[in-house]
Amino acid sequence: MVAETVQSRPHESGVRKAIKNLRWWILGWALLAGIVNYMDRSAIAIAAPEMIKQLALTKTDIGLLGTVFSWVYAFSQ
């Protein structure tokens, strides 16, 4: 019975290592998603003056566009 316990431990260590690496992958993907979100919001803010001119939008319309973007992003999380 002792031999079974000793033999099963290396397998458990591999599983724990895989789970540990999974945590880092999840953290990396979450960080990447946050960076992409920040860049999207920055791009909308930079493009806003040109969008106002070309699409005949008001500042209120741009504000609502940003709000809708944020709500959809939060809901999809």
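The structure we're discussing is the one just above.
*Asks:* So what's going on with the overall build of the chain? Which residues, and what values?
*Replies:* For the chain, the helix and strand inventory stands at 2 helices and 0 strands. Among the 77 residues that make up the chain, the fraction classed as buried is 4%. About 7000 Å² of surface is accessible on the chain, with carbon and sulfur atoms providing 70% of the total.

*Asks:* For a nonpolar patch on the surface, give the residues involved together with the corresponding values.
*Replies:* A contiguous nonpolar patch, built from Leu-22, Trp-25, Ile-26, Trp-29, Leu-32 and Val-36 and spanning about 680 Å² of accessible area, is present on the exposed surface. With respect to the secondary-structure elements, Trp-29 resides in helix α1 (residues 2–55). The exposed category is assigned to Trp-29, whose relative accessible area is 55%.

*Asks:* Residues and numbers for unusual backbone geometry, please.
*Replies:* Within the chain, Ala-56 stands out as a residue other than glycine whose phi angle is a positive 55°. The topology assignment puts Ala-56 in the loop between α1 and α2 (59–76). The exposed category is assigned to Ala-56, whose relative accessible area is 66%.

About the criteria used
- Residues numbered from 1 in each chain as written.
- Predicted model: local features only at pLDDT ≥ 70, side-chain atom pairs only at ≥ 80, totals over all residues.
- Heavy atoms only, no water.
- Helix = DSSP H or I, 4+ residues; strand = E, 2+ residues; numbered from the N terminus.
- Buried < 20%, exposed > 50% of the residue type's maximum accessible area, 1.4 Å probe, protein only.
- Areas by Shrake-Rupley, 256 points an atom, 1.4 Å probe, with all protein chains shown as cover.
- Patch = residues over 30% accessible without salt bridge, like charges linked within 9 Å, V, L, I, M, F, W, Y side chains within 5 Å.
- Salt bridge = Lys/Arg side-chain N within 4 Å of Asp/Glu carboxyl O.

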